[in-house]
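# A structural walkthrough
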Amino acid sequence: MVNHDLEAGKEARADLTPAPIEDEFATKPRGFFARIEYYEGYLDKKLGIESNSLERVLPENRNPPNSLAMAFMWASATMNISCFSTGFLGKQFGLSLGQTIPIIMCSTLLGAAVTGWCATMGPETGLRQVAISRYSLGFYPSSIIAALNVIEQLGWASVNCITGGLALNAVSDGRVSIVVGVVIVACVSFLFSFVGLKGVLMYEQYAWVVFFVIFMIIYGESAHRMDLAAPPTVSDMTRSGNVLSLIGVVYGSSASWSSIVSDFYVHYPVNISKVKVFLYTTLGITIPTCVGMLLGACISSALDTNPEWAAAYDNGIGEILQTIMYPRGFAKFLLVLLVLSGIGVNCIAIYSGALSAQLFAKPFEKVPRVVWSTLVFGGILALGIAGRDHLLDVLENFLSLLGYWNTSFFVILFSEHYLFRGGNVANYDLDAWDTPSKMPIGLAGLTAFLCGAAGWIVGMVETYYVGAIARLIGANGGDIANELALIFTSVSYIPLRKLELKYIGR
């Protein structure tokens with residue numbers, strides 16, 4: 001009787017024992033891409049790195065980072081040598097320091113506000129920025145945004161590789177060539193990119209402190225040399241045109257994050273304050289960007305009265321920084337640390353560039369992120385080496401172009417959200433983000449984007465081309481491409497979207 005009861009108890013306990021869970025990595029798949037994806041997922045699981053990065057992150061599956069990371073990550077991404085270099089463009093445009101300072105501050109704030117608004121869509125939807133654009137631009141036309149995103153991240157990262165290469169060249173007293181420096185920065189960035197979103201956010205939250213201290217040291221050692229009394233070298237309409245062109249460059253620098261910002265916000269709670277997201281993001285971009293750009297503007301104002309600095313500047317950004325800072329050994333140490341600022345930006349660029357490549361088209365989603373990251377790395381390396389001797393030209397042209405298309409992108413998303421979806425995320429079918437038949441056809445979005453592009457073309461000022469309207473403003477032309485993009489895109493999208501909803505229904 002006792003034995004019978006014992007046996008019954010064992011059976012009961014056996015019934016309560018959970019069945020072993022089948023290991024999703026127990027069976028290795030066949031096929032090249034499938035195997036790569038298998039090993040990528042396996043490492044993600046073992047290392048605790050984010051996986052399945054394209055899918056919508058559901059509210060119950062989110063692991064929110066510190067809210068302040070929304071500000072600190074952009075501080076780490078923007079307080080770098082590239083932003084410092086952009087500050088020299090005011091002098092190149094013939095403007096005085098007194099004119100350059102308010103332009104940098106106001107234009108940076110305006111561009112950052114565009115990015116700040118786009119950031120509010122990330123926590124609400126749990127979707128990446130390109131996926132969000134499908135609800136306004138349409139499923140297939142949003143591929144244009146994905147492609148432009150990849151190009152944008154290639155450009156940003158290559159600029160940071162160039163500035164990092166210049167710094168390493170200066171630190172080594174020329175023993176490390178700029179090309180080798182570019183390769184080193186690109187390779188280290190590529191290795192860092194494998195840590196995933198969790199690792200990127202962890203690095204970006206704290207790295208800005210180091211860069212802020214370095215920039216404060218440079219301010220302390222150079223501020224007494226700035227020349228607020230130096231007059232501009234251009235006047236009348238030419239000065240007006242150059243002011244507009246500088247506004248376009250600086251605005252583009254901050255607005256360029258708008259097409260990727262939600263990629264990093266998908267794990268925040270759905271009910272997080274939109275005001276908080278907007279302010280943290282906007283100020284997190286504005287303040288550190290101004291720290292770097294204003295430093296560059298101040299130092300550039302002293303070049304005419306300081307032959308030593310002018311000679312060093314002719315040899316590159318790294319050389320002038322090394323000349324300004326002292327003692328020399330300490331300067332070399334700080335320059336090496338500043339190279340890390342470029343690596344932080346490149347991690348963001350490679351991560352979002354790979355995501356955008358996957359979102360370009362459904363077949364591209366099947367290619368593992370590591371493959372796209374490798375291809376993006378190759379493009380960064382090629383562009384960095386090709387543009388190493390033309391940093392300011394690259395900045396002037398590249399940053400302006402970023403502002404143009406991001407303005408059109410913002411106008412379309414903003415108009416769709418408030419005019420056609422009532423400003424309420426409940427009016428989005430979030431589960432259908434990857435279903436073409438449930439997305440807008442995209443006739444309105446694509447047409448409006450192309451109309452915006454027409455505004456860019458006639459209003460842009462680039463080294464290789466000046467638009468028909470832009471060339472009427474002063475001897476060098478005045479860049480009004482962003483203003484025309486805003487008008488052309490909004491005027492075309494709103495009526496066309498109404499017609500699209502009326503006759504097509506989605």
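See the structure printed just above.
For the structure given in this document, a descriptive report is provided here. Quick caveat: nothing in here was measured; it's all calculated off a predicted structure.

Summed over all chains, the structure comprises 22 aromatic pairs. Seen in terms of ring centroids, Phe190 and Phe377 are 4.5 Å apart; in terms of plane orientation they differ by 20°. Their pairing is stacked. Taken as a pair, Phe190 in helix H10 (residues 178–192) and Phe377 in helix H18 (residues 369–386) lie far apart in primary sequence, 187 residues in all. With a relative accessible area of 13%, Phe190 lands in the buried category. Their ring planes at 15° and their centres at 5.2 Å tell us that Phe364 and Trp372 sit as a pair that is stacked. The partly exposed category is assigned to Phe364, whose relative accessible area is 30%. A connected cluster of aromatic rings, assembled from ring pairs, spans Trp74, Trp156, Trp257, Phe264 and Tyr351. Between Arg421 and the ring centre of Tyr428, over which it is positioned, the NZ or CZ distance is 4.6 Å.

Here we come to the packing of helix H16 (residues 328–358) against H18. Contact pair H16 / H18: the axes reach a minimum separation of 8 Å and the direction vectors enclose 120°. The orientation of H16 with respect to H18, classified from their angle, is oblique. Considering how the two elements wind past one another, H16 and H18 form a crossing that is right-handed. Contacts from Ile350, Tyr351, Gly353, Ala354, Leu355, Ala357 and Gln358 in H16 reach Arg369, Trp372, Ser373, Val376 and Ile380 in H18. Partitioned by chemical class, the residues of the contact of H16 with H18 number eight nonpolar, three polar and one charged.

Rules and cut-offs
Residues numbered from 1 in each chain as written. Predicted model: local features only at pLDDT ≥ 70, side-chain atom pairs only at ≥ 80, totals over all residues. Heavy atoms only, no water. Phe/Tyr/Trp six-rings, centres within 6.5 Å; stacked < 30°, edge-to-face > 60°. Helix = DSSP H or I, 4+ residues; strand = E, 2+ residues; numbered from the N terminus. Buried < 20%, exposed > 50% of the residue type's maximum accessible area, 1.4 Å probe, protein only. Lys NZ or Arg CZ within 6 Å of the ring centre and 35° of its normal. Axes fitted to C-alpha atoms, helices over the stretch in contact; angles between N-to-C directions. Parallel < 35°, antiparallel > 145°, perpendicular 65-115°, else oblique. Left-handed = near helix turned anticlockwise from the far one by under 90°. Contact = heavy atoms within 4.5 Å. Nonpolar A, V, L, I, M, F, W, Y, C, P; charged D, E, K, R; others polar.

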